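Observations on the model geometry
Spelled out from the first residue to the last, the chains are:
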Amino acid sequence: MKTKGASSPVAIIAAVILTGCAVPLRSNDSRPDRITEESARGKRLFQGHCARCHGIQATGGFGPSLAQPKLRNAPDQAALIRVIRNGIPDTAMPGAWQISDGDARLLASYVRTLGKVVPRPMPGDAVQGRAIYEGKGTCATCHRIQGQGGVTGPDLTSVGRRRGPEYLRQALVDPGAALPEVGGDAHAPPGYAQFLPVRVLMREGREIQGIRLNEDDFTIQLRDADHRIHSLRKSELSQLQKEFGKSPMPSYESVLTPAELDDLIAYLASLRGDE
Ligand code: HEC
Ligand code: HEC
């Protein structure tokens, strides 16, 4: 007598379902050209959505380098997909909610391959850089690190975790050019609208220059170079000039030697906050 087995219709259907679906899927996924195709798509997505901030090689820019073995905010694939989808709240990392789930997965897989690249060592010496920051550069008159220093510029406590070395260099030699887009574009990162230089001409003839602290339809507050705060009614002004793309920070290109700049950048890159 025949045993129940291969010839039973149920078993045949089951076998067809199994082989018809599971097997080809598995072999498809591991086909080398399929893998290459997926990582090429991941790379294209990266270039389209992420490179303008993280750099075309992902070594950092306005955003941090993603070519790191461990990402603080994205320790695994699931967390990385969440960061890609939702961004990081209260930071300039935006969410890419418009991309599909499949694309978010490909993008995350691509970003994870970047961490396997051995990072290039930085040329400068961070200890020397710190001395320049505190001495010759007089950076602390405007910037704060761990609560110490001025408030004319942004807090640099964790700047090395948020920005790439190329951006840091640009911030020093060509301040303003490194600024993320400000004004106009509602989708632009928060950037430095808070450090916008403004120049106002009062109706009575006085001119005041400073950094905008606050503004609404009727008033504007600014801080001048002597740290005095001016609160002005717009109706008292005959001119209000906002100098987008201009920075109150001086360029250090001719103040520091190339080696000193390297040291300073190495120091800034080492500032990683509480990490
Ligand atoms: C508008 C600029 C901008 C764009 C576009 C952008 N990022 Fe970011 N990203 C940032 C900034 C700035 C940070 C640092 C946030 C912080 O910690 O202050 C960041 C942080 C991250 C982090 C966390 C890194 C870590 O070490 O924890 C990941 C991961 C990341 N971005 C991935 C991406 C990916 C993938 C894309 C493309 C889908 C992307 N980002 C697009 C600016 C951007
Ligand atoms: C007169 C005030 C002033 C001085 C002095 C100054 N900065 Fe700045 N810095 C600013 C302001 C304001 C910004 C905000 C962006 C801009 O306007 O360029 C800034 C931006 C930066 C940024 C970009 C920060 C970010 O999160 O994107 C870095 C890095 C930086 N400064 C480092 C330095 C260093 C290092 C020195 C000393 C060699 C220095 N600054 C001296 C005012 C100053």
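For the structure given in this document, a descriptive report is provided here. These figures come from a predicted structure and were not determined experimentally. (Residues numbered from 1 in each chain as written. Chains lettered and ligands numbered in written order. Predicted model: local features only at pLDDT ≥ 70, side-chain atom pairs only at ≥ 80, totals over all residues. Heavy atoms only, no water.)

We now examine the site of ligand 1. Close to ligand 1 lie 25 residues; Cys50, Cys53, His54, Asn73 and Met93 are nearest. Contacts to ligand 1 include arginine 72, whose backbone N or O atom sits 3.2 Å from an oxygen atom. For ligand 1, an oxygen atom lies 2.7 Å from a polar atom in the backbone of asparagine 73. Broken down by secondary-structure element, the contributors of at least two residues to the shell around ligand 1 are helix 3 (51-54), helix 4 (77-86) and helix 5 (101-114). Counted by class, the shell around ligand 1 contains 16 nonpolar, five polar and four charged residues. (Near = heavy atom within 4 Å. Polar contact = N/O pair within 3.5 Å; in protein donor to acceptor, adjacent residues only side chain to side chain. Helix = DSSP H or I, 4+ residues; strand = E, 2+ residues; numbered from the N terminus. Nonpolar A, V, L, I, M, F, W, Y, C, P; charged D, E, K, R; others polar.)

The next point concerns the sheet that holds strand 6 (residues 229-233). If you trace the five strands from one edge of the open sheet to the other, you get 6-5-4-3-7, paired in antiparallel fashion. Strands at the two margins of the open sheet, each flanked by one partner only, are strand 6 and strand 7 (237-242). Within this sheet the neighbouring strands show an average axis-to-axis angle of 40 degrees, counted without direction. With five bridges connecting them, strand 3 (residues 197-202) and strand 7 associate as antiparallel partners. Pairing of valine 200 across the sheet is with leucine 240, part of strand 7. (Pairing = 2+ DSSP bridges. Axes fitted to C-alpha atoms, helices over the stretch in contact; angles between N-to-C directions.)

The next point concerns helix 9 (residues 258-269). The end-to-end C-alpha distance of helix 9 is 16 Å, a good match for the 16 Å that twelve residues give at a rise of 1.5 Å each. Most of helix 9 is tucked away, with ten of its twelve residues classed as buried. Every buried residue of helix 9 is listed here: Glu260, Leu261, Asp262, Asp263, Leu264, Ile265, Ala266, Tyr267, Leu268 and Ala269. Packed against the buried residues of helix 9 are helix 6 (126-134), strand 1 (144-145), helix 7 (159-162) and helix 8 (165-173). (Expected span 1.5 Å × (residues − 1). Buried < 20%, exposed > 50% of the residue type's maximum accessible area, 1.4 Å probe, protein only. Contact = heavy atoms within 4.5 Å.)

To continue, consider the coordination of the iron atom of ligand 2. Taken together, His143 (NE2) and Met249 (SD) make up the protein donors of the iron atom of ligand 2, found 2.0 to 2.2 Å from the metal. One way to put it: the six donor atoms around the iron atom of ligand 2 meet at angles of 87 to 178 degrees, and that makes the site octahedral. Separated by 106 residues along the polypeptide, histidine 143 in the loop between helix 6 and strand 1 and methionine 249 in the loop between strand 7 and helix 9 bring together distant segments of the chain. Looking at histidine 143, the relative accessible area reads 11%, which means it is buried. (Donors = N, O, S within 2.8 Å, 3.2 Å for Na, K, Ca; no water. Tetrahedral: all angles 85-135°; square planar, octahedral: opposite > 155°, others 65-115°.)

Take the coordination of the iron atom of ligand 1 next. Ligation of the iron atom of ligand 1 by protein atoms is provided by His54 (NE2) and Met93 (SD), these donors lying 2.0 to 2.1 Å from the ion. Overall, histidine 54 belongs to the buried group, its relative accessible area being 10%. The exposure class assigned to methionine 93 is partly exposed, which follows from its relative accessible area of 26%.

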